Each structure stands twice: as structure tokens, then as C-alpha cells.
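Here are the chains, one letter per residue:
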Amino acid sequence: MQFKHPEILYFLFLLVIPILVHLFQLRKFKTEYFTNVKFLKELAIQTRKSSKLKKYLLLATRLLLLAFLILAFAQPFFKAKDSKNATNELYIILDNSFSMQAKGKKGELLKRAVQDLLENTPENANFSLITCSDNYWNTDIKSIQKELQNLKYSASPFQLDNLLAKIKAHKSAFDKDIVVITDAVGLQPNQLKNSKDDKNLYFIIPEAEKTDNIAIDSVYVNQVLDNFYEIGVKLDAFGEDFKDIPIALYNNNKLTAKTLVNFESKNKTINFTIPKEDFHGYVTISDNGLEYDNNYYFSISKPEKSNVISIGEVEKSSFLSRIYTSDEFNYSNFSLQTLDYNLIDKQDAIVLNELKEIPQALQTTLKSFAEKGGNVILIPSSESSTSNLNSFLANFGVFKFNTLGTTEKMITKINFSHPLFSGVFEKKVDNFQYPNTKKSFEISNSAPMILGYSDQTPFLSAIQNSVSSVYVFAGEINKVNSNFQNSPIIVPTFYNMAQNAQKAGINATIIGESKPLIMETLLSKDEIVNVKNATESFIPVQQILNNKVKLTFNDNPKDAGNFGVFNNDKLVENISFNYNRAESNLMNANPDAASEFKEISNVDSLFDTLQTNSTDNQIWKWFVILALLFVALEVLIQKFVK
């Protein structure tokens, strides 16, 4: 127990006054008995004993009364366990990611948390509110009431470590109390590793009553037919006991197809066949889980021929003309001497087929070509120098050719999960006819292997950037060195390496991803394109690349949907945006990650808890009450004790 005014305790010396008065009243006198009152002697002795008891009771009562009164004026208190943090600034991190759409006992978790903050936050309380999408620094509940009521779900997944870093970077002269309101979906202990010693970090973790959810994971072109596309819709089921759910396909808001999905497994793929023409719509499901992942928007442009050039000897490149047929490709072959460099920028893919040397001018041109979204395919020659090959590949990443080996190797490994083989294989194949090479370079690289030898070394690898890929073979694939041309896998491999996904594939961008979009359109220096639909419009970051434009979207748009890229009012290309599906699995809630920190049961008790922990327990009122109690006790003694 401590005192705000300990100097008042000196008045406790006043307690000696009642004692002195009491002693004065107890002075002894010599008693003389007269014969006429002798018969009262016995009664007098009893009365004297009673009087002494009363005086002792009054003395004790007055001493305690005076003592409690002095103690009350000294204002005693018990120090709070967080009294040092009484002046701390309050920061509230509110998770508004899509997993907070889940329903708790009182409705959607986010809406309930917002309502509790509006109802229970003191009007004079100053705090900062940080969400996945917005920041409100040094504000109060009245100032942001409207913003909270209109708070939308964020397309960005909840990343607590990033939000904590943002708060710590916010300069302040005071310490910080940080309260995190989240359902803990995706919360990992490593996100809190820099906050382990933070004693002022609190968690409020609302729980969803139901964690079952079905999400549309992706849409892709499964097969290209003469007049139709067969598209695959991949669905993920999280939880148990799912009933049949309806799934529908819309093109320009018109119903195209509809069916029921039966979940006999956790993952399901539904195929739809649509005409081979422009498609600008979405696929949708209806379930009782989260809503944000029930729609998947995508666009398909009417297929255009991809432009491909191979550079090398005509005889060695003849196999490419059988793959890059005239109905889907504009294919040409040039020798190094007859190549027109002005044609390169107009291509979708360039094949360097067994060039003995790659000139420096061509290296520079191809570097720029890859930066603008073109794919490069390198088939080395056994006569090539490793220094020349490595000089060329250094433009794209860490990739190194070592010595040329003369040992025959079997190509036995296929990376089925690589994007190059997306939709090629219905199942993993183990017993195909293995092709081989007689000579091949040893390769050192960190790029993912696409095809590999039996000794685990790569035969085909890819260096990928955000808009293009550079595919590198380890050896020649002519018929003298290899039988790879006779293998069935050569067709989908070269076909997909040269195919422009934007010309013959699904256009569906994830909001928040940094992957840019490159479109073929001519813009003057003063012209810009904008992206819009009926409800939203924004201008992306853009860079003019000769006859192309590179668009970067950052965190735009705010809402998923079908959009168009416009130059003034002219539609250049359709494009679609979707939310990241990282929040779809509600079973990923991990409240144990915050077990080392203080937990508050709900928003209702948030401010009471913080105030109680940081406010001293004042007990002087109890001493005043005790003083009044002894006043009443003295009155009773005076009245009833004789």
C-alpha cells in the first residue's frame, strides 16, 4: 500500500491526545465512606467497573476514528500492475480480411467487431486504428464513425507482422498499447517473433461458429478444340458433409451453363465447353460459407495467331514448322545472317536453335524483348562456347553452363506442376518412352527444372520474370544427338513455350499481385489508358514499349469483377480481377500463435481491462467509510453502554 500524501501521516501523533485525556479521567482519589451511605458500597463498585469499560471502548473508538480519518486524507492506494503504462497510446489493429466474413454468435465477425467498437469506445478516448486497407492515426470514435460503418473487406490477406511494423514505424513520444482484433486465420508464430518481449500486446480473437466453406480456386483452359474451348473450374472444399451445390457460368451477365457439383472429395474440377470466341464473364457458386470466393471473373479473347521466329539452320529447324502450324502461328525461320532485327519486337517467342555464337547485338535485343513480355527458347550447340552462352544468360538471371558431357543420358523426369504443362496431363505418367541425349552441358542454376535426366540434372529449365520466360535446354535436340524430336512430349513443350497466354488463354489477374500486363496497342507519349467497369475506374501505372504498353495495377481495383482497358473511349482489351483465395480455409485459424500474449475476451471489456490494468486502486474512500462507521459506533456506545 502506498500514499499520495504521506506527509499527512505525521498527524498520527495526534492519537496521543485521546490517550492523555483518558489518563486524566482515570486519576485516583482517596475514598472515604460515611456510615449513612455504607449500604451503597456494593452498587458503587459495580458502577465503577461499568464506567471503566465504557471509557476503554470510547477510547478505542476515538483512536480508530482519528486514525482512519488521517489515513483517508493521506489517500492510500494499491499500485496497478501496469501503472507505468497509464500514459500509453492505444493502437487497434482490426482484421478486415475476407475470413472475417465468417459468422459468429452475433453475425459476421467484422461487422460485430465494428459495432462493439462503436458502442463501447469512450468518446474522449484517443487511439489509432489500423486495418488491412486503411489507417486512421490519432483519432477518436466520433471522427471515424462513418468510416467504420462503411468499412469494406480488404482484398489483401491479413499480415500481422506488416501491420505491427507499420505501428512501430509510427513515431511517438509514448509507449504503445496494441490491441489486435482478428480471427487468427493464417496467423503464424513467426509473424510475432519480433514482438515476443512486448508486454503491451493484447489479442481479441472472435470465433466463427461454422468453418465449412467452398471456394472457386481457379479457371483455366483445359483443352482447345476446333470451334470450342473446354475450360476447367477448380473448386476446393474446406470442412465436411457438403451437399450438392449449384454452379453457373455467365458471359456478359447472361447465363451460359449451369449444373450441380457433388463433393465426393475435397477438390473438384468441373468442365464447361464454350464457343471459341470472346468471353467476358464469371463462374459462380452458392454455398453457406464465405461469400467473397463464390465468384471467379475471367476473360478470354478470341484466339489470335502467335508470332514465332526461329534463328538457326533451316535443316535443323524443320521440326518446328510441324509444331508451329499456320492455323495457330505465324512462324518463320531465319539464319543469323538474314535476320531482320526489326521483326523481333513483333514476335511472341524467339527460338535460338543451335547457334554457335550469339552476337552481342542480338543479346541486347533479346534482353529488351524478354522485358517486354516475349519468350526466349535457347537450344545450345555443342560447338558453342560456355562463356558466350553464360554471357547471354546473365541478362536474365543466375544460370551457368559448365563443361560439355559426352555421356548418354535418359530424360526421365517431368515436373507436372510446372505452369508450362498446365492442362497437358490428366494424371502423372511414369512409363513413357524415355528420350535421350548423347551430349549435353552440365548446368548450374536455381531455376525450376521442367524436364530432367535420370541423374536429377536438368534437361529443360526456365528463367521466369513477371511477364515472360527464358527456356534453356541442356543439349542439342537434333536427330544426331537426341531422339527427343520423336517423343510425344516435344509437341506440348514447344507449343506452350511459344504460346502467348494473353492471346489464347484465360485473363484473370489477382488483386494485389505485382504481375504486370503487357498489351499490344500503339500509344503516343501523351496518351494513357484507364481501366474501368460500371462501378469503378482507375489509371494503372503504365510504360510504353514501342507497339506495346506495360500495365501495373498494384492494389487496384478495390473490388473484383470484369473490367475493360480503354484508350479514351475505345476498348483495347477485356481484363478480369479476382480476390486472393488465401483466406478461404477457415480451418487455418491458429489462435495458439498468440498464446504467449495477453488475451481480452471481447471488445466490450477492452477499455475496462486497459483502464483497470493501468489505473491505481484508490482505497481512501474505504477509510472514510470506516471513520464514519466508528462515529456511529461511538454514538451507540454513549447511548447504550452505562
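Procedures and definitions
Residues numbered from 1 in each chain as written. Predicted model: local features only at pLDDT ≥ 70, side-chain atom pairs only at ≥ 80, totals over all residues. Heavy atoms only, no water. Helix = DSSP H or I, 4+ residues; strand = E, 2+ residues; numbered from the N terminus. Buried < 20%, exposed > 50% of the residue type's maximum accessible area, 1.4 Å probe, protein only. Areas by Shrake-Rupley, 256 points an atom, 1.4 Å probe, with all protein chains shown as cover. Pairing = 2+ DSSP bridges. Contact = heavy atoms within 4.5 Å. Patch = residues over 30% accessible without salt bridge, like charges linked within 9 Å, V, L, I, M, F, W, Y side chains within 5 Å. Salt bridge = Lys/Arg side-chain N within 4 Å of Asp/Glu carboxyl O. Axes fitted to C-alpha atoms, helices over the stretch in contact; angles between N-to-C directions. Phe/Tyr/Trp six-rings, centres within 6.5 Å; stacked < 30°, edge-to-face > 60°. Lys NZ or Arg CZ within 6 Å of the ring centre and 35° of its normal. Core = buried A, V, L, I, M, F, W, Y, C linked by side-chain atoms within 4.5 Å. Expected span 1.5 Å × (residues − 1). Parallel < 35°, antiparallel > 145°, perpendicular 65-115°, else oblique. Left-handed = near helix turned anticlockwise from the far one by under 90°. Nonpolar A, V, L, I, M, F, W, Y, C, P; charged D, E, K, R; others polar.

### Quick word on the overall build of the chain
Along the backbone of the chain there are 11 helices and 38 strands. For the chain, with 642 residues in total, the buried portion stands at 45%. Surface exposure of the chain reaches about 34,400 Å², of which carbon and sulfur atoms provide 51%.

### A short note on the sheet that holds strand 19 (residues 349–353)
Taking strand neighbours across the sheet as the criterion, the nine strands line up as 18-17-19-20-27-26-25-22-23 in an open arrangement whose pairing is mixed. Two strands lie at the open edges of the sheet, namely strand 18 (329–334) and strand 23 (436–437), each paired on one side alone. Note: strand 26 (residues 458–464) against strand 27 (residues 469–473), five bridges, orientation antiparallel. Bridge pairing links Ser-461 to Val-472 in strand 27.

### Remarks on the pairing of strand 34 (residues 548–552)
The buried fraction of strand 34 amounts to four of the five residues, a majority that puts the element mostly inside the structure. Strand direction decides the pairing type here: strand 30 (residues 517–520) and strand 34, joined by four bridges, are antiparallel. Within strand 34, the position partnered with Ile-518 by the bridge is Lys-550. Two strands pair when backbone bridges link them, and strand 33 (residues 541–545) and strand 34 are joined in this way by five bridges, in the antiparallel orientation. Each bridged residue has a counterpart across the sheet, and for Gln-543 the counterpart in strand 34 is Lys-550.

### Focus: the side chain of Gln-191
Inspection of the secondary structure puts Gln-191 in the loop between strand 8 (176–181) and strand 9 (201–204). The class of Gln-191 is buried, set by a relative accessible area of 10%. Setting aside anything within four residues of it in sequence, one finds Gln-191 in contact with Gln-159, Leu-160, Asp-161, Leu-164 and Gly-186.

### Remarks on a nonpolar patch on the surface
Taken together, the side chains of Phe-11, Leu-14, Val-16, Ile-17, Ile-19, Leu-20, Val-21 and Leu-23 make up a nonpolar region of the molecular surface, amounting to roughly 700 Å² of accessible area. Tracing the sequence through the fold places Val-21 in helix 1 (residues 16–25). On the basis of relative accessible area, Val-21 is assigned to the partly exposed category, the value being 43%.

### Digging into the sheet that holds strand 3 (residues 89–94)
Ordered by their spatial adjacency, six strands build an open sheet running 7-6-3-8-9-37, and the pairing between neighbours is mixed. At either end of the open sheet lies a strand with only one pairing partner, and these are strand 7 (135–139) and strand 37 (598–599). Seen against the sheet, helix 3 (residues 109–120) touches strand 3 and strand 8 and runs at an angle of roughly 155° to strand 3.

### Observations concerning the packing of aromatic side chains
Overall, the coordinates contain 28 aromatic pairs when judged by the stated rule. Ring plane angle 65° and centroid distance 6.2 Å describe the contact between Phe-473 and Phe-484, whose orientation is recorded as edge-to-face. Of this pair, Phe-473 sits in strand 27 while Phe-484 sits in the loop between strand 27 and helix 9 (490–498), placing them 11 residues apart in sequence. Taken individually, Phe-473 and Phe-484 each receive the classification buried, so the pair is uniform in this respect. Counting every residue linked through ring pairs, the aromatic cluster contains Phe-319, Tyr-453, Phe-459, Phe-473, Phe-484 and Phe-494. Its end group placed over the ring of Tyr-453, Lys-409 keeps NZ or CZ at 5.0 Å from the ring centre. The cationic tip of Lys-532 hangs over the ring face of Phe-566; the distance from NZ or CZ to the ring centre is 4.9 Å.

### With respect to unusual backbone geometry
Here the bond from Asn-556 into Pro-557 is cis, since omega is -5°, no more than 30 degrees from zero. Looking at the secondary structure, you find Pro-557 in the loop between strand 34 and strand 35 (561–567). In this structure, Ala-184 takes a positive phi of about 70° despite not being glycine. With respect to the helices, strands and loops of the structure, Ala-184 is situated in the loop between strand 8 and strand 9. By relative accessible area, which is 0% here, Ala-184 ends up buried. Although it is not a glycine, Gln-456 adopts a positive phi angle of roughly 75°. Looking at where Gln-456 falls in the secondary structure, it is placed in the loop between strand 25 (449–453) and strand 26.

### Re the pattern of salt bridges
Taken as a whole and assessed by the stated rule, the structure comprises nine salt bridges. Note that Asp-559 and Lys-152 form a salt bridge whose closest N and O atoms lie 4.0 Å from each other. Taken as a pair, Asp-559 in the loop between strand 34 and strand 35 and Lys-152 in the loop between helix 4 (145–149) and helix 5 (160–169) lie far apart in primary sequence, 407 residues in all. By relative accessible area, which is 31% here, Asp-559 ends up partly exposed. Since its relative accessible area comes to 56%, Lys-152 is described here as exposed. For Lys-356, the salt bridge identified is with Glu-383, shortest N-O distance 3.3 Å. With Lys-356 in the loop between strand 19 and helix 7 (360–371) and Glu-383 in the loop between strand 20 (375–379) and helix 8 (386–393), the pair connects residues that are 27 residues apart, well separated along the chain. Glu-383 sits in the exposed class, given a relative accessible area of 56%.

### Focus: the nonpolar core
Judged by nonpolar contacts, the single largest core of 57 residues is most densely connected at Tyr-324, Leu-352, Leu-451, Phe-473, Phe-484 and Phe-494. Those residues within four positions of Leu-451 in sequence are excluded, and the remaining contacts are Ile-411, Lys-413, Ile-414, Phe-421, Pro-458, Phe-459, Leu-460, Phe-484, Ile-489 and Thr-493.

### A word on helix 3
Note: α-helices contain 3.6 residues per turn, so residues at a spacing of three or four share the same orientation. Between its terminal C-alpha atoms helix 3 stretches 16 Å, which fits the 16 Å expected from 12 residues at 1.5 Å a residue. Buried-residue contacts for helix 3 involve strand 3, strand 4 (103–104), strand 5 (107–108), helix 4 and strand 8.

### Brief notes about the packing of helix 7 against helix 8
Where helix 7 contacts helix 8, the two axes come as close as 10 Å, and the packing angle between them is 30°. The angle between helix 7 and helix 8 places the two elements in the roughly parallel class. Where helix 7 crosses over helix 8, the two elements pack in a sense that is right-handed. Note on element contacts: helix 8 touches helix 7 through Asn-388, Ser-391 and Phe-392, opposite Gln-360, Gln-363 and Leu-366. When its residues are assigned to classes, the contact of helix 7 with helix 8 shows two nonpolar, four polar and no charged.

### Topic: the environment of Glu-108
The residue Glu-108 is located in strand 5 in this model. With relative accessibility at 16%, the residue Glu-108 sits in the buried group. Remark: the alpha-carbon pair of Glu-108 and Ala-208, spanning 100 residues in sequence, is separated by 8.4 Å. The contacts of Glu-108, once residues within four sequence positions are left out, are Met-100, Gln-101, Ala-102, Lys-103 and Tyr-153.

### Comments concerning the environment of Lys-152
Linking Lys-152 and Asp-134, residues 18 residues apart in sequence, is a C-alpha distance of 9.9 Å. In contact with Lys-152, other than residues within four places in its own chain, are Asn-96 and Asp-559.

### Overview of the environment of Phe-484
Given a relative accessible area of 0%, Phe-484 falls into the buried group. On a C-alpha basis, the gap between Phe-484 and Ile-411 in space is 8.8 Å, while along the polypeptide they are 73 residues apart.

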